[in-house]
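Survey of secondary and tertiary structure
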Amino acid sequence: MVPLARKTLVYEWRRFLPSLFAVAFSGLLLLVQAALVFGIFESAAVYITRSGGDLWVGHPGTQSIELGRPIPNDTEIRLRMDPDVARVEPFIWIDGDWRGPADRGGLSVFVSGVDTRHDAMVFADVLPPSLRASLDEPDGVIVDRADLAKLGLGVGGRAVVNGHRVRIVGVANGLRALGGVNIVASLDTARRLDNDHGGTEVAYYVVRLRDGADADAARARLQPATATKRYEVWTRDAFAHRAVTYWMFETGAGLGVVLLALVVFCVGAIITSQTLMGAVAGSIREYATLHALGVAFGDLRRVVLQQAGWVGAAGLAVGGVLTAIVVVIAKHRDVPVQLDALTVGACAALVMAIALVSGLAAVRALRHADPAMLLR
Amino acid sequence: MPALVAESLEKSFVTGSVRADVLRGLSIEIEAGELTLVSGPSGCGKSTLLAILSGLLKPDAGRAIALGQDLARLAPLELERFRLHHTGFVFQGFNLFPALDALEQVALPLGYLGLDDATARARARRALEEVGLDNRLALRPAELSGGEKQRVAIARALAKEPQLLFADEPTSALDAANGQIVIDTLHRIAKTHGATVLCVSHDPRLVAHADRVLAMEDGRILADRRIAAADRVANVS
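Residues numbered from 1 in each chain as written. Chains lettered and ligands numbered in written order. Predicted model: local features only at pLDDT ≥ 70, side-chain atom pairs only at ≥ 80, totals over all residues. Heavy atoms only, no water.

1. Some details on the side chain of B:Asp211
With respect to the helices and strands, the residue B:Asp211 is situated in the loop between strand E8 (196-201) and strand E9 (212-217). At 3.0 Å, the side chain of B:Asp211 and the side chain of B:His187 are in polar contact. (Helix = DSSP H or I, 4+ residues; strand = E, 2+ residues; numbered from the N terminus. Polar contact = N/O pair within 3.5 Å; in protein donor to acceptor, adjacent residues only side chain to side chain.)

Here is the structure:
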């Protein structure tokens, strides 16, 4: 069988180039959008996912980490009484009013107070031991590299938080989150910065269980049984998921993003189908001749769908390369982006579906390939 | 039995509020092994007659019978199969795929007939040899002259070994010399393959190359004459 679809694509590639670009940019838009969505919303959970530990204990009903409220100090004792608990680490979370250089005005910040021991769990992935140790300097804080410009300071810069002086002693990567600037201090420094609670209460305890312990079972044991809970226990994954879900579905941003994805899909489908229909219509007389010679309509349709498939695959390849470039640039600029194989696969399937649906739309152009028109 | 029979064919086209009667009770019988030329001014209905007799168009009234089959009784898929196995077409505007070389153009429909690649290519090569293009097999339409393109189109129709070959203004886009080569090729096909060749044209130069000429005007056959072999221009190709 003469490979009509492929030969035509190769020889008349200019005719199919607009469709290829339409597919490529549909793919780019979908993938980059997905990368941004997951990047942005995953960053809502970045403090949880980049910390160690198995369980998080916080104020009952806390939806997302930045909404943490103080919990009673005796919680720690209760946690330590469980035989499976290997370690309990306090995590202070307070609001701060940052005053930096005079021309920058004030900023609302979150202050995280963390353990400074080298094997601490909170921010285990973000703070290497040496950087963490630098927090032992009284009033020393660490900020995210991406926030330096916003704060108008470099390492060694001085500012005032809640009326107390602090000094930037280091810079970390991966602390940037939704909802504001996050600065990290030692537990002692954080307590000094907390005017409201006199530095006696913490927002979370992070719990590490003994090796081999069942996190779900431990969580069930540690969860207060009374109706009026004074604290709540989540597994690490569940708490991270809770934060992502909160930002995605409770903040209004999520629905907007879904709507945007729908619009992107529709625009991509329309542009792709229009260009593909144009490309197919260019061969309409030849197809009509084949139809006159008795080649079945179904066979002609197969040729067009095959072309759509190739255009889709080539467009996807181009879109994939463009996306990779965009993602690399975004990561370089500390824009939160995240793509996993499942997302890429889903987007690829969606784009391929756009191409094939467009092919089916182009087949409608074939319907007009009535051989009798050649005789008029 | 005649290869093609038209019985009281009627066909009209409606454009807006204007109704044009293209065929008005036309009846003819066309024999196999001959080149029958339907000539007449443009708009006389000759292309419509060809479309109906080849099963591309349905008449409003009357019957079109091809190879003993009443075309109106065939379902769309059966009609496609009928055309695939029995008919070849040559159109004014060659309608070749730009991406395919001459051999592939001709082999393409054969693949849909169910022939394997080797058989299809061999048959395509024979058909191209028959129209004198054996040295043009690997050329694409852009590299062929108008006359050569039309001969590729004829080879494409011929390779299917159809019993019915329909040609619509096959020489209109060609100069005199190429036009003559094309009509002679069609004539030879009628003779050597015993095919029924129905050619529609307003080109008066073709009259001398046909076995039979039907003069048509206003949807009717005005004259039906046979061209004596002695009067026919000798085959030059």
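2. Let's talk about the layout of surface pockets
All names here are of chain A. What the largest pocket holds in volume is close to 500 Å³. Residue lining of the largest pocket: 18 residues in total, with Val46, Arg50, Gly174, Pro336 and Val337 positioned closest to the centre. Looking at the lining of the largest pocket, the elements that each hand over two or more residues are helix H2 (13-42), helix H3 (46-49) and helix H12 (297-332). Its residues assigned to classes, the lining of the largest pocket comprises 5 nonpolar, 6 polar and 7 charged. (1 Å grid on protein atoms, 1.4 Å probe; cavity = no way out; pocket = protein on both sides within 12 Å on 5 of 7 lines; lining within 4 Å. Points joined across faces, edges and corners; volume = space filled by probe spheres on them. Nonpolar A, V, L, I, M, F, W, Y, C, P; charged D, E, K, R; others polar.)

3. Structural notes on the confidence of the model for chain B
As a general rule, the predicted coordinates of low-pLDDT regions are not to be interpreted in detail. For chain B, per-residue confidence averages 91 on the pLDDT scale, and residues scoring 70 or more make up 98% of the total. The ipTM, which scores confidence in the relative placement of chains, is 0.89 for this predicted complex, and the corresponding pTM is 0.75. (pLDDT = per-residue confidence, 0-100.)

4. Focus on the sheet that holds E9(B)
Residue and element names in this part refer to chain B. Reading across the sheet, the 6 strands line up as E6-E7-E8-E3-E9-E10 and stay open at both edges, with mixed pairing between neighbours. Edge positions in the open sheet fall to strand E6 (87-90) and strand E10 (220-226), since each of these has one partner strand only. Strand-to-strand, the axes of this sheet are offset by a mean angle of 15°, without reference to chain direction. Here strand E3 (residues 35-39) runs beside E9; their pairing, made up of 4 bridges, is parallel. The residue bridging Ser39 from the neighbouring strand is Ala215, located in E9. Here helix H5 (residues 146-159) sits on the sheet in contact with E6 and strand E7 (164-168), set at roughly 170° to E6. (Pairing = 2+ DSSP bridges. Axes fitted to C-alpha atoms, helices over the stretch in contact; angles between N-to-C directions. Contact = heavy atoms within 4.5 Å.)

5. Considering the sheet that holds strand E5 (residues 69-70) of chain B
All names here are of chain B. If you trace the 4 strands from one edge of the open sheet to the other, you get E2-E1-E4-E5, paired in antiparallel fashion. Bordering the open sheet on either side are strand E2 (18-30) and E5, each of which pairs with just one other strand. In this sheet, strand E4 (residues 61-66) lies alongside strand E1 (residues 4-15) in antiparallel orientation, the contact comprising 5 bridges. If you follow Val5 over to E4, its bridge partner there is Ile65.

6. Some remarks on the interface of chain A and chain B
Taken together, the contact pairs 26 residues of chain A with 31 residues of chain B. For the pair chain A and chain B, the number of links is 1 salt bridge. Among the salt bridges present, the one from A:Lys7 reaches B:Glu104, with a minimum N-O distance of 2.5 Å. When residues of the side of chain A that touches chain B are traced back to their parent elements, those giving at least two are helix H1 (4-11), helix H11 (284-292) and H12 of chain A. Here the element with the most residues in the side of chain A that touches chain B is H11(A); it accounts for 7 residues. Within the side of chain A that touches chain B, the residues separate by chemical class into 16 nonpolar, 4 polar and 6 charged. (Salt bridge = Lys/Arg side-chain N within 4 Å of Asp/Glu carboxyl O.)

7. Some words on the packing of aromatic side chains
The final tally for this structure, using the stated rule, is 16 aromatic pairs over all chains. Ring plane angle 25° and centroid distance 5.5 Å describe the contact between B:Phe89 and B:Phe166, whose orientation is recorded as stacked. On the criterion of sequence distance, the pair formed by B:Phe89 in strand E6 and B:Phe166 in strand E7 is long-range, its members being 77 residues apart. With respect to class, B:Phe89 is no different from B:Phe166; both count as buried. Here a set of aromatic residues connected by ring pairs shows up, and it is made of A:Tyr47, A:Trp56, A:Phe91, A:Trp93, A:Phe110, A:Phe123, A:Tyr204, A:Trp234 and A:Phe239. (Phe/Tyr/Trp six-rings, centres within 6.5 Å; stacked < 30°, edge-to-face > 60°. Buried < 20%, exposed > 50% of the residue type's maximum accessible area, 1.4 Å probe, protein only.)

8. Regarding the pattern of salt bridges
As enumerated under the stated definition, the model contains 27 salt bridges over all chains in all. The residue A:Arg117 makes a salt bridge to A:Asp115 at a minimum N-O spacing of 2.7 Å. On the accessibility criterion, A:Asp115 (7% relative accessible area) is buried. Here B:Arg123 ties to B:Glu161 by a salt bridge, and the two come within 3.8 Å at their closest N and O atoms. Of this pair, B:Arg123 sits in helix H4 (residues 117-130) while B:Glu161 is found in the loop between H5 and E7, placing the two residues 38 residues apart along the sequence. You can call B:Arg123 buried: its relative accessible area is 17%.

9. Some words on the side chain of B:Arg151
Residue and element names in this part refer to chain B. Inspection of the secondary structure assignment puts Arg151 in helix H5. Within the buried core, Arg151 has no salt-bridge partner, and the shortest N-O distance to an opposite charge, that of Glu148, equals 5.4 Å. For Arg151, the contacting residues outside a window of four places in its chain are Val131, Gly132, Leu133, Asn178, Ile181 and Val182. (Lys, Arg positive; Asp, Glu negative; His and termini not counted.)

10. Some thoughts on the nonpolar core
Nonpolar side chains in soluble globular proteins tend to be buried together. If you look at the biggest cluster of nonpolar residues, it comprises 61 residues, and the most contacted ones within it are A:Leu4, A:Tyr287, B:Val106, B:Leu108, B:Leu128, B:Val152 and B:Leu186. Judged by nonpolar contacts, the second largest core, of 36 residues, contains B:Leu4, B:Phe91, B:Leu164 and B:Met216. (Core = buried A, V, L, I, M, F, W, Y, C linked by side-chain atoms within 4.5 Å.)

11. Quick look at unusual backbone geometry
Positive phi, normally seen in glycine, also occurs at A:Asp139, with a value near 65°. The topology assignment puts A:Asp139 in the loop between helix H5 (129-133) and strand E4 (140-144). We note that B:Asn95 has phi near 55°; this positive angle belongs to a residue other than glycine. Structurally, B:Asn95 is set in the loop between E6 and helix H3 (102-112).

12. What about the packing of H2(A) against helix H10 (residues 253-281) of chain A?
In the contact formed by H2(A) and H10(A), the axes pass within 7 Å of each other and the chain directions differ by 170°. Taken together, the axis directions place H2(A) and H10(A) in an arrangement best described as roughly antiparallel. (Parallel < 35°, antiparallel > 145°, perpendicular 65-115°, else oblique.)

13. Here's the deal with the environment of B:His202
Residue and element names in this part refer to chain B. Locating His202 in the fold gives a position in the loop between E8 and E9. Classification of His202 by relative accessible area gives partly exposed; the value is 45%. Placed 164 residues apart in sequence, His202 and Val38 show a C-alpha to C-alpha distance of 8.1 Å. Ignoring any residue separated from it by four or fewer positions in sequence, one finds His202 in contact with Gly40, Lys46, Glu169 and Ser172. Within the structure, the side chain of His202 is placed 3.0 Å from the side chain of Glu169, a separation counted as a polar contact.

14. Digging into the pairing of E4(A)
A regular strand carries its side chains on alternate faces of the sheet. Residues and elements named next belong to chain A. Counting buried residues in E4 gives 5 out of 5 residues, a clear majority hidden from the surface. On E4, burial covers both faces: Gly140, Ile142 and Asp144 on one face and Val141 and Val143 on the other are all buried. In terms of strand pairing, E4 meets strand E7 (residues 181-186) through 3 bridges, oriented antiparallel. Within E7, the residue paired with Val143 across the bridge is Ile183.

15. Let's talk about a nonpolar patch on the surface
Residue and element names in this part refer to chain A. On the surface, Leu259, Val263, Val267, Ile270 and Ile271 cluster together into a nonpolar patch covering about 450 Å² of accessible area. Mapped onto the elements of the fold, Val263 is located in helix H10. On the basis of relative accessibility, which here comes to 45%, the residue Val263 falls in the partly exposed class. (Patch = residues over 30% accessible without salt bridge, like charges linked within 9 Å, V, L, I, M, F, W, Y side chains within 5 Å. Areas by Shrake-Rupley, 256 points an atom, 1.4 Å probe, with all protein chains shown as cover.)

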